[in-house]
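Summary of the model geometry
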Amino acid sequence: MWQRLANWVLKNRFILLVALFALTGLMGFYASKVKLSYEFARAIPTDNPKYQDYVAFKKMFGDDGNLMVIGLKTKDFFKIDKFNAYQDLGQQIKKVEGVEEMLSIPTAVILKKDSALEKLFSEKIFAEHYTNQSLLDSNKTEFFNLPFYRGMLYNPDSCAYLMGIKINKDSLNSPARVKIINDITNLTSNFEKITGDELHLSGLPLIRTVIAERIKKEMKFFLIASLLLSAFILFLFFRSITTMLISLGVVVISVVWTLAVIYLCGYKITLLTALIPSLVVVIGIPNCIYFINKYHSSFSSSKIVDLKERKLAALKDMVSKMGVVTLFCNITAAIGFAVFALTKSAVLKEFGVVSGISIMLIFVISFVFLPSILSYVKTPGQTQLKYLNNKWVGIFLLKVDVWVFNHKKWVLAVTSVIVIFSIIGITKLKSVAYIVDDLPKKDKIYTDLKFFEENFRGVMPLEIIIDTKKRNGLTGMKSLAVFEKVDSLSNYISAKKAMNRPLSVAEGLKFAKQAFYENDSTQYLLPNAFDGAFVGDYLKPKKSEQKQNNFSKMLNSFIDKDRRVTRISVNMADIGTHDLPILLEDISQKANTYFDSSYKVTLTGTSITFLEGSKFIVNGLKDSILWAFLLISGCMLYLFRSFRILICSLIPNVIPLLITAGIMGWVGVPLKPSTVLVFSVALGIVIDITIRFLVNYRQVLPTLNNNVPEAVKVTIQQTGLSIIYTSLVLTVGFVVFCGSYFGGTFALGWLTSVTLLTATLTNLIFLPVILIWRRKIN
């Protein structure tokens with residue numbers, strides 16, 4: 001079959017090349033339309049209850065992830081120059097297109113009572129601009145008399161101050177967000193130059209935007225770096241610019257097709273899919289090396305005198321011998337990636353679909369492109385074939401022979417010790433993830449987030465929804481009982497080190513009661529049965545008023561239109577997926593002590609969806625490893641038709657995964673979405689080495705009268721060169737990812753590289769030892 005395919009490809013090479021280039025042009029058109037995703041990755045399936053709770057919350061109260069915060073720490077905040085500069089900053093930010101609201105100390109209001117009209121009205125505390133320090137000091141005293149703002153806009157203990165910026169949610173999900181964030185950061189930079197103070201910026205809009213832009217930059221960097229490194233290694237191996245350019249042609253075409261696949265599947269570029277073009281380069285180059293190495297070795301060993309005939313025979317031998325091997329190698333590699341499509345996580349599903357399709361397209365492209373192009377170029381000269389007798393590789397393979405045939409017991413013993421040591425390391429593995437743990441600890445986004453955690457207990461949103469299950473259940477005096485429970489739960493939450501003082505209607509009612517009693521700070525309490533009716537009357541809009549006052553609007557933003565549901569909004573620290581479930585369970589149990597079965601209490605918000613998403617991704621990745629193992633085993637069993645060969649093929653590939661997991665445990669790398677990804681990816685790639693070794697072994701075994709030791713010896717010499725070269729290319733290709741800003745991408749780089757190097761040794765040394773030890777395997 002493969003011989004017929006080889007003849008067909010070479011016979012129709014011109015038509016196939018024209019068709020390939022035409023399709024590449026079309027794919028290039030689609031690739032140019034692919035866009036960058038500005039949304040957080042959808043890790044949770046849409047039918048998940050936690051996701052549905054979050055969607056219901058956003059429909060009722062709006063998005064909780066559109067608040068950006070700016071922090072300042074100074075003892076001179078209320079000095080005229082500093083305060084005026086801070087006030088000017090806020091006014092300039094408010095003018096930025098896309099900014100909906102801005103809240104800071106200069107914009108803070110005080111509620112005052114109008115006894116004649118029986119209503120409360122809001123009034124700004126601070127003037128637009130100050131020239132008199134005593135007036136500013138007087139206003140400062142008035143402001144500090146309002147407990148409502150304490151912990152929200154300032155921390156009196158650390159002299160830290162906060163500005164909150166609400167950004168339009170539609171702008172946040174579009175490229176316009178980049179300009180908005182850049183405009184704000186430019187304004188903060190100017191403030192820093194004027195005052196000499198450092199500002200700290202955080203919040204999901206900033207984090208999402210910066211990460212998206214870094215993904216964009218890294219995608220270009222990784223693609224260019226992987227191409228340049230691959231080109232260098234190819235030239236180093238083959239000593240031929242022509243061969244190097246042909247190989248690069250395969251991966252460049254493959255990259256164009258990959259980007260087109262992303263667009264045609266209706267996806268956008270995310271943190272994961274941004275890696276695929278570089279992975280295509282890394283995986284595509286070995287295809288080229290194996291094909292070209294087989295072509296060169298066949299050409300070199302051929303006895304045909306006529307160069308044209310020798311070249312044609314070598315090309316046919318390349319396609320017929322390496323076609324099936326490369327096909328199964330690509331299938332197993334594709335399985336290692338495509339199994340992610342079986343998970344329920346949207347972000348993993350996208351990665352699995354695109355990478356699986358792309359890897360199979362690499363095979364099609366290389367199968368058509370390489371023999372067709374090679375048939376048109378000159379026959380390889382001695383310089384190009386010189387690498388076949390590489391001195392250093394030859395010495396290494398001779399040492400491999402010595403280890404395999406003279407030190408089998410030592411090989412088995414050392415491997416066993418390493419495996420045991422790795423298993424002990426695996427027991428030390430921990431599973432934990434943070435919202436920004438993929439960023440370096442010295443990165444400004446990370447350090448600024450820690451600033452808010454230290455001074456304001458964090459900025460990650462958590463929402464607690466209280467459903468009375470009754471229409472108008474939050475109206476009249478009967479609602480006071482509900483808000484008393486809300487206040488009790490809020491006080492419990494406030495006592496948590498990782499959580500800021502919650503904001504709810506209860507806090508607003510306290511603010512209103514203080515205003516009713518002439519802003520006496522000792523009256524910052526919930527209205528009781530005695531004064532509740534009076535305070536309530538002052539909050540009701542009068543018939544003469546066309547609109548509600550600002551304070552009433554604020555209260556209404558915490559109650560749904562049916563007056564049935566209210567919410568408690570909390571900002572919290574990024575405490576990780578290990579501690580977060582414990583904290584949430586504690587809050588949930590406490591809420592159940594305040595609210596009986598006549599209420600429905602739901603915890604939601606970005607913090608909840610992140611936790612649930614991390615669970616889904618980690619569990620999905622664990623399942624994908626199992627699926628990859630089973631599907632790859634099925635392919636190996638079909639290819640070799642021997643259960644014992646299957647066992648021999650799997651052991652050398654399980655060992656590198658155990659070693660990698662053990663290293664993670666010993667050095668303290670946790671199991672999280674970005675690191676669990678390594679295992680199924682690595683399994684799909686390293687199994688290629690085993691396939692190429694065992695296929696060659698099965699091909700030479702009958703020619704040597706089934707002499708297993710001799711067949712192993714010949715296979716090491718015939719495949720060792722291409723295995724070593726390919727492993728080096730793959731390792732270098734993945735090492736490129738170590739240049740990433742993101743810890744997950746960095747981990748993918750070095751952990752996969754370690755796995756590949758280990759797999760090269762186990763397949764060149766341990767696998768032959770097993771084959772010799774089990775001589776009955778045929």
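Residues numbered from 1 in each chain as written. Predicted model: local features only at pLDDT ≥ 70, side-chain atom pairs only at ≥ 80, totals over all residues. Heavy atoms only, no water.

Observations concerning the overall build of the protein chain
When helices and strands are counted, the protein chain shows 26 helices and 10 strands. Across the 778 residues that make up the protein chain, the buried fraction comes to 57%. Of the contacts made within the protein chain by residues no fewer than 6 positions apart, 80% connect residues no fewer than 24 positions apart. About 33800 Å² of surface is accessible on the protein chain, with carbon and sulfur atoms providing 60% of the total. Between the centroid of the 87 positive side chains of the protein chain and the centroid of its 57 negative side chains there is a distance of 14 Å. (Helix = DSSP H or I, 4+ residues; strand = E, 2+ residues; numbered from the N terminus. Buried < 20%, exposed > 50% of the residue type's maximum accessible area, 1.4 Å probe, protein only. Contact = heavy atoms within 4.5 Å. Areas by Shrake-Rupley, 256 points an atom, 1.4 Å probe, with all protein chains shown as cover. Lys, Arg positive; Asp, Glu negative; His and termini not counted. Charge placed at Lys NZ, Arg CZ, Asp CG, Glu CD.)

Considerations on the side chain of Asp-443
As for its position among the elements, Asp-443 is in the loop between α15 (408-426) and α16 (444-456). Take Asp-443: its relative accessible area is 9%, and that puts it in the buried class. Sequence-distant contacts of Asp-443, that is, excluding residues within four places in its chain, are made with Arg-214 and Tyr-741.

Things to note about the packing of helix α2 (residues 13-31) against helix α12 (residues 346-374)
For the pair α2 and α12, the least separation of the axes is 10 Å and the interaxial angle reads 130°. With respect to α12, the element α2 is oriented oblique. As for the relative orientation of α2 and α12, their crossing is left-handed in sense. Where α2 abuts α12, its residues Arg-13, Leu-16, Leu-17, Leu-20 and Phe-21 lie against Ile-365, Val-368, Phe-369, Ser-372 and Ile-373. Of the residues belonging to the contact of α2 with α12, the class tally is eight nonpolar, one polar and one charged. (Axes fitted to C-alpha atoms, helices over the stretch in contact; angles between N-to-C directions. Parallel < 35°, antiparallel > 145°, perpendicular 65-115°, else oblique. Left-handed = near helix turned anticlockwise from the far one by under 90°. Nonpolar A, V, L, I, M, F, W, Y, C, P; charged D, E, K, R; others polar.)

Observations concerning unusual backbone geometry
We note that Asn-472 has phi near 65°; this positive angle belongs to a residue other than glycine. As for its position among the elements, Asn-472 is in the loop between β8 (460-467) and α17 (479-494). Within the chain, Asn-705 stands out as a residue other than glycine whose phi angle is a positive 55°. Within the element layout of this structure, Asn-705 appears in the loop between α24 (673-700) and α25 (708-735).

Some details on empty space enclosed by the protein
Enumeration according to the criterion identifies five cavities of 30 Å³ or more in this entry. Empty space within the largest cavity amounts to approximately 90 Å³. For the lining of the largest cavity, the secondary-structure elements that each account for two or more residues are α10 (276-301), α24 and α25. The computed volume of the second largest cavity comes to approximately 50 Å³. Mapped onto the lining of the second largest cavity, the elements with two or more residues apiece are α21 (576-594) and α22 (606-640). In terms of residue class, the lining of the second largest cavity is built from seven nonpolar, two polar and one charged. (1 Å grid on protein atoms, 1.4 Å probe; cavity = no way out; pocket = protein on both sides within 12 Å on 5 of 7 lines; lining within 4 Å. Points joined across faces, edges and corners; volume = space filled by probe spheres on them.)

A few points about the environment of Arg-471
Assignment of secondary structure puts Arg-471 in the loop between β8 and α17. Its relative accessible area of 61% is what places Arg-471 among the exposed residues. In sequence terms Arg-471 and Ser-171 are 300 residues apart; their C-alpha atoms lie 34 Å from each other. Setting aside residues up to four positions removed in sequence, Arg-471 forms contacts with Asp-562 and Arg-564. Within the structure, the side chain of Arg-471 is placed 2.9 Å from the side chain of Asp-562, a separation counted as a polar contact. (Polar contact = N/O pair within 3.5 Å; in protein donor to acceptor, adjacent residues only side chain to side chain.)

Observations regarding the side chain of Thr-566
If you trace the backbone, Thr-566 turns up in strand β9 (residues 565-572). Here Thr-566 falls in the buried class, since its relative accessible area comes to 2%. Looking at Thr-566, its side chain comes within polar contact range of the main-chain oxygen of Phe-558, at 2.8 Å. Not counting the four nearest positions on each side in its chain, Thr-566 is found in contact with Phe-61, Ile-464, Ile-465, Ile-466, Leu-474, Phe-483, Val-486, Val-505, Phe-558 and Ile-559.

Thoughts on the sheet that holds β8
The sheet built from three strands is open, its strands ordered β9-β8-β10 with antiparallel pairing. Edge positions in the sheet fall to β9 and β10 (600-604), since each has one partner strand and no second. Strand-to-strand, the axes of this sheet are offset by a mean angle of 15°, without reference to chain direction. As judged from the eight bridges shared by β8 and β9, these two strands associate in the antiparallel manner. By the bridge assignment for β9, Ile-466 is matched with Thr-566. Across the sheet, α21 lies against β8, β9 and β10, angled at about 160° from β10, the strand it touches most. (Pairing = 2+ DSSP bridges.)

Some details on the pattern of salt bridges
Per the counting criterion, the structure on display carries 18 salt bridges. Among the salt bridges present, the one from Asp-76 reaches Lys-79, with a minimum N-O distance of 3.7 Å. The partly exposed category is assigned to Asp-76, whose relative accessible area is 36%. A salt bridge links Asp-562 to Arg-471, with the shortest nitrogen-to-oxygen separation between them at 2.9 Å. Of this pair, Asp-562 sits in the loop between α20 (550-556) and β9 while Arg-471 sits in the loop between β8 and α17; the two residues are 91 residues apart in sequence, bridging distant segments of the chain. Each of the salt bridges in this network shares a partner with another, and the network as a whole consists of Asp-487, Arg-501, Glu-507 and Lys-510. (Salt bridge = Lys/Arg side-chain N within 4 Å of Asp/Glu carboxyl O.)

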